[in-house]
Amino acid sequence: MGDEEWEELQRNLEATIPVYDKINRFATLGQVSRWRGMVRKMLPEGRVLEIGCGPGSFAEDLVGRELVCLDPIPEMLRTAEERVNVARKSRGEEPAEFVKGIAENLPFEDDYFDAVCTLFSFRDWFDKRTGLTEALRVLKPGATLVIIEPAKLNSIHGFLGVIWMKYWVAAYARIVCGVKDHPWKWLTKTYSEFGTTRDYINMLKQTGFTDVSSKLIFPGMATIWHAKAP
Ligand SMILES: C[S@@+](CC[C@H](N)C(=O)[O-])C[C@H]1O[C@@H](n2cnc3c(N)ncnc32)[C@H](O)[C@@H]1O
């Protein structure tokens with residue numbers, strides 16, 4: 001992805017904020033909350049980094065962890081900070097920390113986190129291999145990485161995913177956003193360019209992660225990758 005495309009993607013992501021949760025619920029037939037719950041259960045106690053926190057939809061309900069949320073878009077961070085820290089305060093927890101940055105150049109020291117997670121963001125990283133290398137660097141030995149993205153098992157499954165996003169999700173996004181040129185068109189674009197489950201299993205292993213596994217989530221709409229730092 002070139003600089004211009006990256007900037008356009010960020011502008012489009014920012015434009016999703018007001019309707020982000022509503023359209024995601026529709027796009028996943030209401031499954032997204034359950035998937036986020038599955039990721040939360042996979043995260044150990046301790047210090048957790050969420051890369052690409054967006055408007056805080058996952059971070060809001062992550063209970064009992066020391067939390068750092070990272071995103072390159074200031075408006076995402078502002079929205080997330082308010083939402084997440086109101087929820088944390090109501091539970092009597094310390095506020096989370098919000099940091100502007102990119103996966104490809106994490107502003108943290110080595111061996112710092114007990115877990116790194118990234119939900120519906122990995123697909124957008126412009127250099128996934130560098131991002132994974134950075135995630136590995138900031139994880140303590142034996143710590144956990146969890147990634148979730150729309151599933152793509154092979155080219156046929158990917159083709160069905162594109163149809164789903166291009167017609168079903170896009171039709172709803174057009175109605176909700178009230179414009180033909182809605183930001184969800186980028187979902188189809190980044191998904192089309194995304195690799196298969198196996199591609200990222202291989203990339204995780206090549207980067208140096210161990211115990212790499214993946215799970216296709218019912219009904220075949222998303223994949224969770226799980227790995228450990230050696
Ligand atoms: C679709 S939102 C996901 C929000 C949230 N994680 C969730 O569970 O819904 C994706 C976020 O990833 C961020 N993102 C995209 N590319 C990134 C990168 N290279 N490094 C870090 N964050 C990135 C975007 O700015 C956006 O806020």
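Before reading on, note that the structure itself is shown above.
Rules and cut-offs
- Within every chain, residues take consecutive numbers counted from 1 along the sequence as written.
- Only residues with pLDDT of at least 70 are given local features in this predicted model, and only at 80 or more are side-chain atom pairs given and counted; all residues enter the totals for whole chains, interfaces and linings.
- In this analysis, strands are considered paired if DSSP registers two or more bridges between them.
- Strands here mean DSSP runs of E at least two residues long; helices mean DSSP runs of H or I at least four residues long; both are numbered from the N terminus.
- Note on handedness: a clockwise path from strand one over the helix to strand two, with the strands aimed away from the viewer, defines a right-handed crossover.
- Here an axis means a line fitted to C-alpha atoms, over the contact stretch when the element is a helix, while the angle between two N-to-C directions is reported on a 0 to 180 degree scale.
- A pair of residues counts as a contact when their C-beta atoms, built from backbone coordinates, are within 7 Å of each other.

**Some points on the pairing of strand E5 (residues 139-150)**
Point 1. With six bridges joining them, strand E4 (residues 113-119) and E5 adopt parallel strand pairing. Bridge pairing links threonine 118 to isoleucine 147 in E5.
Point 2. As a crossover connection, the stretch from E4 through helix H5 (residues 128-138) into E5 is right-handed.
Point 3. When E5 meets strand E7 (residues 222-228), the two strands line up antiparallel, connected through seven bridges. The residue bridging threonine 144 from the neighbouring strand is lysine 228, located in E7.

**A word on the sheet that holds strand E3 (residues 97-100)**
Point 1. Read from one edge of the open sheet, seven strands run E3-E2-E1-E4-E5-E7-E6, paired in mixed fashion. Among the strands making up the open sheet, the edge pair consists of E3 and strand E6 (210-217). On average, adjacent strands in this sheet sit at an angle of 15° to one another, irrespective of strand direction.
Point 2. As paired elements, strand E1 (residues 47-51) and strand E2 (residues 66-71) share five bridges and run parallel to each other. Residue isoleucine 51 lies in a different strand from E2, and its bridge partner there is leucine 70.
Point 3. The sheet strands contacting helix H4 (residues 74-90) are E2 and E3, and the helix crosses E3 at an angle near 175°.
Point 4. Those strands touched by H5 are E1, E4 and E5, and its axis lies near 145° from that of E5.

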